[in-house]
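So you can see what is in the structure, the chains are spelled out below.
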Amino acid sequence: MALTQQARSGSDEEKHGFMEDNVIVDHRVNFQNFRLVGVHIPGLGSFGEFVDKMGCSSSVAAGYFDHRVFFDTYIRDGTKILRNLPHSNALHTPYPCFGGLERYMLKPNSAQLSWQNDLPAYAATEFTAGFVLKMPVWADLPDVRHVAFNAFDPSCRVDRTSAEGEYALEPDTNRPLNPRGRTGMSGRGSLGRFGPNHAADPVISTWRRNGDGSKILDEAGNPTLQFVAIMRKDTGDWAIPGGMVDPGENVSLTLKREFGEETMASMEMRPDERATLMDELEHVFKRGVLVYSGYVDDIRNTDNSWIETTCVNFHDESGSSFAKFKLAAGDDAGEVAWTDYYEGMPLYATHTNLIDTVFKMRLAWHQHTERK
């Protein structure tokens, strides 16, 4: 894959404290202090309703509301596409894991996938990776007959709800059923949790610039969007940096942690260096736009386990916020680079769709501000 590179190598309130009123915050939403810079909130209605709900002044809310008018359309359109995307990656065979087996063959985008349709001959390949069966802290016990799914699980501080809505359970085993249908493989594969395995994917973006700092424009006068991409070590695909939400972890922390681990090799730093880096990331990660939250068509998905992500865009409009960070591949990344976006670029899983949404909403805002 050719990429342009500039740099390289219980209760609802208890849900991790990570989602409240559709805003990623450390605890409570308060638009009269630092929490104003949480995450863009889709679907708040009119401007007056927005001000009333958030408890901030009209002057404080005006600029923020102005952004959401443009962003909402593209976020809704992008979410609609992903919500209606049928299995394709999740049918990949053999399963991408050491010792992975062949899946039961299913026809993509066919009636075979839906649990609503009887498939008497269906015999999914049962597979759970050996390292998952060794019971690491991030994995469920094999027997989940007593687990309360579709709810927050206080016993392990894991959110077992799905952005897709309530999912069905196997009557005998209580194992969740993939809301997008059959995959040809049962068990957990290489995933730790039965049901949704929650991830967080930060899209770090800016506009490509000349040496003098001016934006590089195409023939139509539009700027080129750049984002930080990593090459995954497991598949060789280019992807958005991201990773799994740890038990009890705030998603906003996961976004910063995964960006540091995968793009700046923070795990290889001394503790004091890592602490300094996280403080700096805290500053530049002040404000983000929630792009998508839901199911991901991932090659690791099975009938009983699947990936769901919270994708947030942190955009550097001026080109100065993220410029001070030196990219260095680490953790699960083989390479890391500032990458030029182009329509239809091949990326891991459904990352192409996420980047496409970011480009459309950021371009719309750029064109709007240029007309002012």
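No experiment lies behind these values; they were computed from the predicted model shown.

Enquirer: Provide a residue-level description of the overall build of the protein, including the pertinent values.
Expert: The secondary structure content of the protein amounts to six helices and 12 strands. Classification of the 372 residues of the protein by burial places 51% in the buried group. If you sum the accessible surface of the protein, you get close to 17100 Å²; carbon and sulfur atoms cover 51% of it.

Enquirer: Could you give an account of the confidence of the model for the protein, with specific residues and numbers?
Expert: Per-residue confidence for the protein averages 78 on the pLDDT scale, and 74% of its residues sit at or above 70. Between the elements of the protein, mean pLDDT differs from a low of 40, seen in strand β1 (residues 39-40), to a high of 97, seen in strand β5 (residues 185-189). In the predicted structure, residues 1-65 sits below a pLDDT of 50 and forms 150 contacts with residues beyond four places in sequence or in another chain.

Enquirer: Pulling in residues and values, what's your account of the pattern of salt bridges?
Expert: Under the defined criterion, the tally for this structure stands at 12 salt bridges. Residues Lys215 and Glu317 are paired through a salt bridge, measuring 3.0 Å at the closest nitrogen-oxygen approach. With Lys215 in the loop between β6 (195-207) and β7 (225-232) and Glu317 in the loop between β11 (305-316) and β12 (333-340), this residue pair connects regions lying 102 residues apart in the sequence. Residue classification places Lys215 among the partly exposed residues on the basis of a relative accessible area of 23%. Salt bridges here are not isolated pairs; linked through shared partners, they connect Asp140, Asp153, Arg160 and Arg193.

Enquirer: Talk me through the pairing of β11; I want residue IDs and the actual numbers.
Expert: The element β11 is extensively covered by neighbouring structure, given that 12 of its 12 residues are classed as buried. In this sheet, β11 lies alongside β6 in parallel orientation, the contact comprising 12 bridges. Looking at the pairing, Ala199 lines up with Thr309 of β11. As defined by bridge partners, strand β10 (residues 288-296) adjoins β11 across seven bridges and the pair is classed as antiparallel. Residue Tyr292 lies in a different strand from β11, and its bridge partner there is Cys311.

Definitions and limits used
- Counting restarts for each chain: residues are numbered from 1 in the order of the written sequence.
- Note on the predicted model: pLDDT of at least 70 is required for a residue's local features to be given, and 80 or more for side-chain atom pairs to be given and counted; whole-chain, interface and lining totals, by contrast, use all residues.
- Excluded from the side-chain calculations are hydrogens and water; all other atoms, namely the structure's heavy atoms, are used.
- Here a strand is any run of E in DSSP of at least two residues, a helix any run of H or I of at least four, and the numbering for each starts at the N terminus.
- Only protein chains enter the area calculation, which uses a 1.4 Å probe; residues under 20% of their type maximum are buried, those over 50% are exposed, and those in between are partly exposed.
- Residue burial considers only the protein chains on display, and all accessible areas are found by Shrake-Rupley using a 1.4 Å probe.
- On a scale of 0 to 100, pLDDT captures the predictor's confidence in every residue.
- It only takes one pair of heavy atoms within 4.5 Å for two residues to be counted as in contact.
- Just to be clear on terms, a salt bridge is a Lys or Arg side-chain nitrogen sitting within 4 Å of an Asp or Glu carboxyl oxygen.
- The pairing criterion for strands is at least two bridges between them, as found by DSSP.

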